[in-house]
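Coordinate inspection notes
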Amino acid sequence: MKARILGLAAFAACLAVPAIAAAALSDAAGSYTISPSGSSIRFTIGKAGGGGFDGAFGRFKGTIRIDNGDVGRSKVDLTIYPESVGTGQGRIDQFLRSDAVFDAANNPEIQFRSTSVTRTGDTTAVVTGRLTARGKTFPEKFTAELDGLKGGTIRFHVTGKVLRSRYGMDVGTPLYSNVVDFNMMLTGRKG
Amino acid sequence: MQASITNTSTRYGWAMIILHWLIGIIFIGQFVLGFVMVRIESQRTSFELIQLHKSFGFLLLGLIILRIAWRLGNVAPPLPASVGTLERRTAPLVHLALYAFQVALPLSGWALVSVSTLEIPTMPFDLFVMPNLPLTESDAAESFWASAHWYLAYAGITLVALHAAAALRHHFLLRDNVLARMITPSSGGE
């Protein structure tokens, strides 16, 4: 479940995001490859009785394309490999990879393809797209905030909530919330 | 004749009879469920069966507390005069052991989930969150309580089997009313 990054950069670039964008406007447009270094995809699921259950995906890939003239035409594609899930507890990782949750053997990829990017502020945008996991696809929304733009590198902080039950991953509810909170840092490098 | 809720000097009341059979059936069901849930291939089904096992475990604990309170507040009908000295002495010990296992088994399961490093919450029948016992979680403690729970389960089911065999012996060989009185309640007339 992941989000994609936003085409935030686009608005950053196009819109008058002052410090960051002004200078970089002409540079921001283009295609970025999400770099594993400087990027992370973390998630939290609330637990009954308090506390949460934290995890992260170690392997993923994707691209961010910033449209020079129209933020709304920016694109984000993200592919996550659920096999790489990690929680710090091996037995839980194994459970998550199994057909109880991700069924990583039969569904090795979780994909997000953006369908629209809507600017919501100077450095923020909502990215809507189609999330596919375990063979099921639903529209999802993520919020992206431009976190840095320097040289050929762009960085977004992306958050969003996904209901796991829709993807056939409802195991453990209500002990574990149906809502998965994503928290991602996505760093893209141009080229 | 009306069935009495309380025991009398010769028979069990229906409260004790219902608690006895309900606990007995759930106890045996829990043994089977516990055996299956850790051997089943599907991790999802295994997870769900384990949560069900925890739910029934807490139900058992509640029923057992009720049963012990009821037992302490009621006379227990004595064994028939035909019962020999050896059995007269050992039967109460076996019954005491059965009660001890009824308490120890759910408690050991509760300890197990409390110390497990998986930190899976417990919600009996999805109704409410059952807090953990105040024990320190660790892999070592988890494996200790898993073993304790496992050994207690096997010892407990062995005692249940002995108990059932003894009841059948009374009914079919000795032909006394020891089993019958755990089926037919005392009546108001007695």
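Quantities reported herein were computed from a predicted structural model and do not represent experimental measurements.

What about the overall build of chain B?
If you tally the helices and strands in chain B, you get 4 helices and 0 strands. Helices and strands appear in chain B in the N-to-C order α-α-α-α. Viewed in the frame of its principal axes, chain B has a C-alpha envelope of about 55 × 30 × 30 Å. Sorting the 190 residues of chain B into buried and exposed places 21% on the buried side. Summarising the internal contacts of chain B: among those between residues at least 6 apart in sequence, 70% fall at separations of at least 24.

A short note on the interface of chain A and chain B
If you look at the interface, chain A gives 14 residues, while chain B gives 11 residues. Top contributing element to the side of chain A that touches chain B by residue count: helix α3 (residues 90-97) of chain A, with 3 residues. By residue class, the composition of the side of chain A that touches chain B is 7 nonpolar, 4 polar and 3 charged.

Notes on the environment of Asp122 of chain A
You can see Asp122 of chain A is positioned in the loop between β7 (110-119) and β8 (124-133). Residues Asp122 of chain A and Phe142 of chain A lie 20 residues apart in sequence; the distance between their C-alpha atoms is 16 Å.

Focus: unusual backbone geometry
Residues and elements named next belong to chain A. Of the consecutive residues Thr173 and Pro174, the connecting peptide bond is found in the cis state with omega at 5°. Its location among the elements puts Pro174 in the loop between β10 (153-163) and β11 (176-190). One non-glycine residue, Asp103, adopts positive backbone phi at about 50°. Examined against the element boundaries, Asp103 turns out to sit in the loop between α3 and β7. Overall, Asp103 belongs to the partly exposed group, with 19 C-beta atoms counted inside 10 Å.

Looking at the pairing of strand β9 (residues 136-150) of chain A
Residues and elements named next belong to chain A. Summarising the sheet, β8 and β9 pair through 10 bridges and their orientation is antiparallel. Each residue of the ladder has a partner; that of Val127, found in β9, is Phe142. If you look at the hairpin formed by β8 and β9, you'll find 2 residues sitting between the two strands, and Arg134 has a positive phi there, around 50°. Note: β9 against β10, 7 bridges, orientation antiparallel. Its bridge partner being in β10, Leu146 is matched across the sheet by Phe156. Linking two consecutive strands that pair antiparallel, namely β9 and β10, is a turn of 2 residues; a positive phi of about 60° is found at Gly151 within it.

Some points on the packing of helix α2 (residues 43-72) of chain B against helix α3 (residues 85-115) of chain B
In a pair of packed helices, the angle between the axes and the distance between the axes together describe the arrangement. Residue and element names in this part refer to chain B. Contact geometry for α2 and α3: axes closest at 9 Å, N-to-C directions at 145°. Relative to α3, α2 is oriented so that their crossing is left-handed. Where α2 approaches α3, its residues Lys54, Gly57, Phe58, Leu60, Leu61, Ile64 and Ile68 are matched on the opposing element by Tyr99, Gln102, Val103, Pro106, Gly109 and Val113. In the contact of α2 with α3, the residues fall into 9 nonpolar, 3 polar and 1 charged.

Focus on helix α4 (residues 139-173) of chain B
Residues and elements named next belong to chain B. The terminal C-alpha atoms of α4 lie 50 Å apart, and with 35 residues this matches the ideal 51 Å at 1.5 Å per residue to within 8%. Looking at α4, one finds that the buried residues are Trp145, His149, Gly156 and His170. Summarising the contacts, the buried residues of α4 are in contact with α3. Positioned one or two residues after α4, Arg175 has a phi angle of 55°, which is positive.

Observations concerning α3 of chain B
Residues and elements named next belong to chain B. Taking 1.5 Å of rise per residue, 31 residues should cover 45 Å, and α3 covers 45 Å from first to last C-alpha, within 8% of that figure. For α3, the complete set of buried residues consists of Phe101, Gln102, Leu105, Pro106, Ser108, Gly109, Trp110, Ala111, Leu112, Val113, Ser114 and Val115. Of the surrounding elements, those touching the buried residues of α3 are α1 (14-37), α2 and α4.

Digging into the environment of Ile64 of chain A
Here Ile64 of chain A lies in strand β4 (residues 60-66). For Ile64 of chain A, a count of 31 C-beta atoms within 10 Å corresponds to the buried category.

Let's talk about the pairing of β11 of chain A
Residues and elements named next belong to chain A. Of the strand pairs in this sheet, strand β1 (residues 30-34) and β11 are connected by 3 bridges, and their pairing is antiparallel. The partner of Thr33 across the bridge, within β11, is Arg189. Direction of pairing for strand β2 (residues 40-47) relative to β11: antiparallel, over a ladder of 7 bridges. By the bridge assignment for β11, Ile45 is matched with Val180. Bridging between β10 and β11 involves 11 bridges; their strand directions are antiparallel. By the bridge assignment, Arg155 is partnered in β11 with Thr187.

Parameters at a glance
Residues numbered from 1 in each chain as written. Chains lettered and ligands numbered in written order. Predicted model: local features only at pLDDT ≥ 70, side-chain atom pairs only at ≥ 80, totals over all residues. Helix = DSSP H or I, 4+ residues; strand = E, 2+ residues; numbered from the N terminus. Buried ≥ 20, exposed ≤ 12 C-beta atoms within 10 Å, placed from the backbone. Contact = placed C-beta atoms within 7 Å. Nonpolar A, V, L, I, M, F, W, Y, C, P; charged D, E, K, R; others polar. Pairing = 2+ DSSP bridges. Axes fitted to C-alpha atoms, helices over the stretch in contact; angles between N-to-C directions. Left-handed = near helix turned anticlockwise from the far one by under 90°. Expected span 1.5 Å × (residues − 1).

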